[in-house]
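Residue-level structural notes
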Amino acid sequence: MAIHGGLTTLFLVGFIAFLSFPVEAAVKKYQFDIQVKNVSRLCHAKPIVTVNGRFPGPTIYVREGDRVIVNVTNHAKYNMSIHWHGLKQYRNGWADGPAYITQCPIQTGNSYTYDFNVTGQRGTLWWHAHILWLRATVYGAIVIMPQQGTPYPFPKPNMEQIVLLGEWWHKDVEEIVKQGTNMGSPPNMSDAHTINGKPGPLFPCSEKHTFAMEVESGKTYLLRIINAALNDELFFAIAGHSMTVVEVDAVYIKPFTTQAILIAPGQTTNVLVRANQSPGRYFMAANPFMDAPLPIDNKTATGIVQYKGVPNTVLPTLPQLPAPNDTDFALSYNKRLKSLNSANFPANVPLKINRKLFYTIGFAKDPCPNCVNGTRLLASLNNISFVMPEIGLLQAHYFNTKGVFRTDFPDKPPKPFNYTGAPLTASLGTAHGTRLSKIAFNSTVELVLQDTNLLTVESHPFHLHGYNFFVVGTGIGNFDPVKDPAKYNLVDPVERNTVGVPTGGWTAIRFRADNPGVWFMHCHLELHTGWGLKMAFVVEDGKGADQSILPPPKDLPPC
């Protein structure tokens, strides 16, 4: 059986343009038209929401220091907002994108211009819809090139390639979510995983829906890997080829070589791959990591690495991926991630902490007479399930609108308990509310995120908007405030914007609150976010002229 894949020439569109840029910052303008388009996958066509009719959406190419202007016009029936995941948006939360947090959504027939600067960041990030589950198809890459004349701190690759990992559902995703909400249970899991929007030849009717990249013997390739899946942490590997990890979440790290990577929803990973095997066809593959007793879409997405001149009739070989429940691989892989911490790229870890926070992650059930089991699942931080407001929190904060939110989110759980002991299923008295935590400008924050066995333990990737943070510690079981901080890495911890909290364990992060505004923090598993596993920080203005929130743009969408 011949497996054909449309070969993708590894030539970055716009890459040549970078070579001729002047040193001063440029303005990059993009038009994003939100359009519904019929797309066929797995023997079945369905209408999906896209940007410019493309799935995945267009890549944004910029250079560090550039200004970016993206005009988004919504032609679809759903409200829309776009988040520029990992961009810090200093003083400029208006461009951050999460619906009802920093803006009201862009309604059908309307437009909004996201206008922001890319300052002090370089590497791979991504953009996605930040309302409902629309990011299932509305997503794309952001490539930030270093400033002119600044080399990569690793050997320069011959070519680069974006690898977007995603999920695909047979049916309309919003209808599936609605059905799940009405039933009070999780909606149907995805029907396939995808690589650059294509499931690969292990799925029916997918021979032509297979991503393939052509490589030349002896050349080195930089893969910019992004996990755009909604609910699955993923392993990724290439048969016969090792990968050297050089960057995560647009921050350089100490390079290390591995046969497979682990990447959670929201995270990005840059790897170097050398085409040093005998010429042939090799599968790249992605499948999920899940070490809790929960059902998952365990199907493997594949793409093809094809050496130049090798015919399509050669059968590709599959890589050896870790087992789906390989906790040891997950923990040891994440331990290997360390900041480069060089003179040019220092790790400025806060050493003296002004504010210590301890948040427990839990599940619970609410009574729901119309639901299948008479209950509806919900999720909470410190036993508070977040209620989305009806106007943007940033607007309410900036204009001092009363009655939209409270700033009494607790710094620790209401009652300490054996967090990761026997499952707790009794009535937990979970509160509901739009409760935020107020943080003084420029204070140093340590946040410990503790998984619990409220209904079940599970791994959770948490994303903080407006900031990077340092992952100073992680462990299994209950966090010990006396013994565990002694083991923190305060020298070269990995710096990122999305971090996994291990199943039945904890993760400690530190950051300096030097970006005023309202900044969302949530689990990046869409399922859990919808159940209320989210909160937001209100970072107060500083005293300096450039330490307060910028005024809102004139075209900010109305509520």
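Below: a short report on this structure.

Rules behind the numbers
Residues numbered from 1 in each chain as written. Predicted model: local features only at pLDDT ≥ 70, side-chain atom pairs only at ≥ 80, totals over all residues. Heavy atoms only, no water. Core = buried A, V, L, I, M, F, W, Y, C linked by side-chain atoms within 4.5 Å. Buried < 20%, exposed > 50% of the residue type's maximum accessible area, 1.4 Å probe, protein only. Contact = heavy atoms within 4.5 Å. Pairing = 2+ DSSP bridges. Helix = DSSP H or I, 4+ residues; strand = E, 2+ residues; numbered from the N terminus. Axes fitted to C-alpha atoms, helices over the stretch in contact; angles between N-to-C directions. Salt bridge = Lys/Arg side-chain N within 4 Å of Asp/Glu carboxyl O. Phe/Tyr/Trp six-rings, centres within 6.5 Å; stacked < 30°, edge-to-face > 60°. Lys NZ or Arg CZ within 6 Å of the ring centre and 35° of its normal. Arc of directions from axis to C-beta. Polar contact = N/O pair within 3.5 Å; in protein donor to acceptor, adjacent residues only side chain to side chain. Disulfide = S-S within 2.5 Å.

Notes on the nonpolar core
One finds Trp84, Phe236, Tyr359, Leu381, Met521 and Phe537 to be the most contacted residues of the largest nonpolar core, which totals 129 residues. The contacts of Phe236, once residues within four sequence positions are left out, are Val163, Leu165, Leu223, Ile225, Met243, Gln259, Ala260, Ile261, Met284, Ala285, Ala286 and Leu321. With 25 residues, the next largest nonpolar core counts Val39, Tyr139, Phe154 and Ile226 among its residues.

Re the sheet that holds strand S18 (residues 268-274)
Taken together, six strands build an open sheet; the order of strands is S11-S10-S13-S18-S15-S16 and the sheet is mixed. The open sheet has two edge strands with one neighbour each: strand S11 (192-195) and strand S16 (251-258). Taking each pair of neighbouring strands and ignoring which way they run, the sheet shows an average axis angle of 25°. Taken together, the four bridges between strand S15 (residues 243-248) and S18 define a ladder with antiparallel strand orientation. Paired with Glu247 across the two strands is Asn270, which belongs to S18.

A closer look at the pattern of salt bridges
It is possible for side chains bearing opposite charge to pair when their charged atoms get close. Applying the stated criterion across every chain yields a total of 15 salt bridges. The partner of Asp115 in a salt bridge is Arg67, with the nearest N and O atoms 2.6 Å apart. With Asp115 in strand S7 (residues 111-117) and Arg67 in strand S5 (residues 67-74), the pair connects residues that are 48 residues apart, well separated along the chain. With relative accessibility at 29%, the residue Asp115 sits in the partly exposed group. Between Glu216 and Lys219 there is a salt bridge, with the nearest N and O atoms lying 3.5 Å from each other. Assessed through its relative accessible area of 26%, Lys219 is described here as partly exposed. Connected via shared salt-bridge partners are Glu216, Lys219 and Lys308.

Observations regarding the packing of aromatic side chains
Taken as a whole, this structure holds 29 aromatic pairs when the rule is applied. Ring geometry for Phe358 and Phe479: centres 6.1 Å apart, planes at 35°, overall tilted. Separated by 121 residues along the polypeptide, Phe358 in strand S21 (residues 355-367) and Phe479 in the loop between strand S28 (469-476) and strand S29 (495-496) bring together distant segments of the chain. The class of Phe358 is buried, set by a relative accessible area of 15%. Taken together, the aromatic side chains of Phe32, Trp84, Tyr112, Tyr114, Phe116 and Trp127 make up a single cluster linked through ring pairs. In this structure, Arg41 is placed above the aromatic ring of Trp168, and the distance from its NZ or CZ to the ring centre is 6.0 Å. Between Lys46 and the ring centre of Trp168, over which it is positioned, the NZ or CZ distance is 4.6 Å.

Examining helix H2 (residues 173-183)
Every buried residue of H2 is listed here: Val173, Glu174, Ile176, Val177 and Gly180. With its buried residues spanning 160° around the axis, H2 presents them on a single face. Buried residues in H2 make contact with strand S3 (44-51). Measuring from the side-chain oxygen of the N-cap residue of H2 to the backbone nitrogen of Glu174 gives 2.9 Å; that N-cap residue is Asp172. Phi turns positive one or two residues past the end of H2, at Gly184, with a value near 80°.

Considering the state of the cysteines
Overall, the coordinates contain three disulfides when judged by the stated rule. What pairs with Cys43 in a disulfide is Cys205, and their sulfur atoms sit 2.0 Å apart. Judged by the torsion about the S-S bond (95°), the Cys43/Cys205 disulfide is right-handed. Remark: Cys205 occurs in the loop between S11 and strand S12 (211-215) and Cys43 occurs in the loop between strand S2 (27-41) and S3; sequence separation between them is 162 residues. For Cys43, a relative accessible area of 47% puts it in the partly exposed group. Two residues, Cys104 and Cys559, share a disulfide whose sulfurs are 1.7 Å apart. Handedness here is read from the sign of the S-S torsion; for Cys104 and Cys559, about 55°, the answer is right-handed. Pair noted here: Cys104 is in the loop between strand S6 (82-85) and S7 and Cys559 is in the segment after strand S33 (534-539), with a separation of 455 residues, a long-range link. For Cys104, a relative accessible area of 0% gives the class buried.

Considerations on unusual backbone geometry
In the segment running from Phe55 into Pro56, the intervening peptide bond is cis, with an omega of -10°. With respect to the helices, strands and loops of the structure, Pro56 is situated in the loop between S3 and strand S4 (60-63). With a phi close to 55°, Asn52 is a non-glycine residue in the positive phi region. Even without being a glycine, Asn382 presents a positive backbone phi close to 50°. Inspection of the secondary structure assignment puts Asn382 in the loop between strand S22 (375-381) and strand S23 (384-386). Residue Asn382 is classed as buried on the basis of its relative accessible area of 1%.

That's the geometry; what it means functionally is another story.
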